[in-house]
Amino acid sequence: MAAIPARPDARTIGVAVPVPEPYGSWLQARRASYGDPLADAIPTHITLLPPTEVDAAALGVIDAHLHAIARAERPFVLRLRGSGTFRPVSPVVFVAVADGISGCERLQARVSSGPLERPLAFPYHPHVTIAHHLPDEVMDRAFKDLAEFRADFDVWGFSLYQHGRDGVWRPQRDYVFGDAMIGRAGPDDP
């Protein structure tokens, strides 16, 4: 994940579909069980915008952009099924999105436009990371352990996250499809 911005007027943000309970905490605990040092710092999610450094002054424009996207969208069903990997290209094991891919792709394209347009290091592939940069035998075990994983849930919207000075990703605001945004209480930048 991205480092803390060097400039005091910058923020590192991300946009993602949160994986709801009971699946989110269960998958986060599994990630921690494999020894992934980022497990407790990253809520379980499907990325729409990877870590992106922005000027703090642009947050209002970004908020309006995300709000407009959410208002035009409608909930859709997402089904997670089994495990996958990006190895050898990238050292990641993930839970696969089996249904809802087109909804995630549409959201990703819309979120990554306008004030958040940026090049991606890899083509977009919606997934839930379960192990990242771990020894091969641990990655193999994670892949095998989650081969039969199944979860179905409705995607109600997406969330804006900010990378805190302590290295933890925290949700800042939820954007509900067809509805108004929901603010979250808490520190802006711990």
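Note that the structure is a prediction, hence the values are computed from the model and not measured.

Undergrad: Could you give me a rundown of the sheet that holds strand β6 (residues 150–155), with the residues and numbers involved?
TA: Reading across from one edge, β5-β4-β3-β6 is the order of the four strands in this open sheet, with antiparallel pairing throughout. The two strands at the open ends of the sheet, each matched to only one other strand, are β5 (127–132) and β6. Across the sheet, the axes of successive neighbouring strands diverge by a mean angle of 30°, strand direction being ignored. Where strand β3 (residues 76–85) lies against β6, six bridges are found, and the strand directions are antiparallel. The residue of β6 that forms the bridge with R79 is D152. In this fold helix α1 (residues 23–33) packs onto β4 (92–99), β5 and β6, with an angle of close to 25° to the strand it touches most, β5.

Undergrad: So what about helix α2 (residues 59–72)? Which residues, and what values?
TA: In this model α2 runs 20 Å from its N-terminal to its C-terminal C-alpha over 14 residues, within 8% of the 20 Å that 1.5 Å per residue would give. The set of residues buried in α2 consists of I62, D63, H65, L66, H67, I69 and A70.

Undergrad: Before we move on, could you go through the side chain of S83 and cite the residues and values that matter?
TA: Among the structural elements, S83 can be located in strand β3. With sequence-adjacent residues up to four places away left out, S83 is seen in contact with F94, V95, A96, F143, L146 and A147.

Undergrad: I'd love a proper account of the nonpolar core, names of residues and values included.
TA: If you look at the biggest cluster of nonpolar residues, it comprises 40 residues, and the most contacted ones within it are L66, L78, L80 and F158. In contact with L66, not counting residues within four places along its chain, are V15, V111, L116, F158, L160 and Y175. Ranked by size, the runner-up nonpolar core spans five residues in total, among them A41, I42, Y161 and W169.

Undergrad: Before we move on, could you go through the packing of α2 against helix α3 (residues 101–111) and cite the residues and values that matter?
TA: Axis angle and axis distance: for two packed helices, these are the angle between their axes and the distance between the axes, and together they describe the pair. Between α2 and α3, the shortest axis-to-axis distance is 10 Å and the interhelical angle comes to 150°. Classified by the angle between their axes, α2 and α3 sit roughly antiparallel to one another. Two packed elements cross with a definite hand, and for α2 against α3 that hand is right-handed. Counted together, H65, L66, A68, I69 and A72 of α2 and L107, R110 and V111 of α3 form the full contact between these two elements. Looking at side-chain class alone, the contact of α2 with α3 contains six nonpolar, one polar and one charged residues.

Undergrad: Tell me about the environment of A142, and please be specific about residues and values.
TA: Considering the arrangement of structural elements, one finds A142 in helix α4 (residues 136–145). In contact with A142, not counting residues within four places along its chain, are Y34, V93, I130 and A131.

Undergrad: Describe α3, naming the residues involved and giving the relevant values.
TA: Helical periodicity: at 3.6 residues per turn, an α-helix aligns residues three or four positions apart in one direction. For α3, the complete set of buried residues consists of G103, C104, L107, Q108 and V111. When α3 is viewed along its axis, its buried side chains cluster within an angular range of 130° and face the same direction.

Undergrad: Run through the packing of aromatic side chains, naming residues and quoting values.
TA: Two measures describe an aromatic ring pair: the distance that separates the ring centres and the angle between the ring planes. Inspection of every chain in the model, using the stated rule, returns six aromatic pairs. A centroid spacing of 5.6 Å and a plane angle of 15° characterise the contact between W26 and F149, whose relative ring orientation is stacked. A residue pair is termed long-range when its members are at least 10 positions apart, and W26 in helix α1 and F149 in the loop between α4 and β6 qualify at 123 residues. Residue F149 is classed as buried on the basis of its relative accessible area of 10%. Note on F158 and Y175: the rings are 5.5 Å apart at their centroids and 25° apart in plane angle, and the pair reads as stacked. One end of the pair, F158, is in strand β7 (residues 157–163); the other, Y175, is in strand β8 (residues 169–176), with 17 residues separating them in the sequence. Residue F158 shares its accessibility class with Y175, and that shared class is buried.

Undergrad: Any chance you could break down the side chain of Q108 for me, citing the residues and the numbers?
TA: On the secondary structure map, Q108 appears in helix α3. Excluding anything up to four places from it in sequence, Q108 contacts L48, L120 and Y124.

Undergrad: Tell me about the pairing of β8, and name the residues and values.
TA: Relative to β8, β7 is paired through seven bridges, and the arrangement is antiparallel. Directly across from Y161, in β8, lies its bridge partner P171. From the end of β7 to the start of β8, which pair antiparallel, there are five residues, and G167 there has a positive phi angle of about 85°.

Cut-offs applied
Residues numbered from 1 in each chain as written. Predicted model: local features only at pLDDT ≥ 70, side-chain atom pairs only at ≥ 80, totals over all residues. Heavy atoms only, no water. Pairing = 2+ DSSP bridges. Helix = DSSP H or I, 4+ residues; strand = E, 2+ residues; numbered from the N terminus. Axes fitted to C-alpha atoms, helices over the stretch in contact; angles between N-to-C directions. Contact = heavy atoms within 4.5 Å. Expected span 1.5 Å × (residues − 1). Buried < 20%, exposed > 50% of the residue type's maximum accessible area, 1.4 Å probe, protein only. Core = buried A, V, L, I, M, F, W, Y, C linked by side-chain atoms within 4.5 Å. Parallel < 35°, antiparallel > 145°, perpendicular 65-115°, else oblique. Left-handed = near helix turned anticlockwise from the far one by under 90°. Nonpolar A, V, L, I, M, F, W, Y, C, P; charged D, E, K, R; others polar. Arc of directions from axis to C-beta. Phe/Tyr/Trp six-rings, centres within 6.5 Å; stacked < 30°, edge-to-face > 60°.

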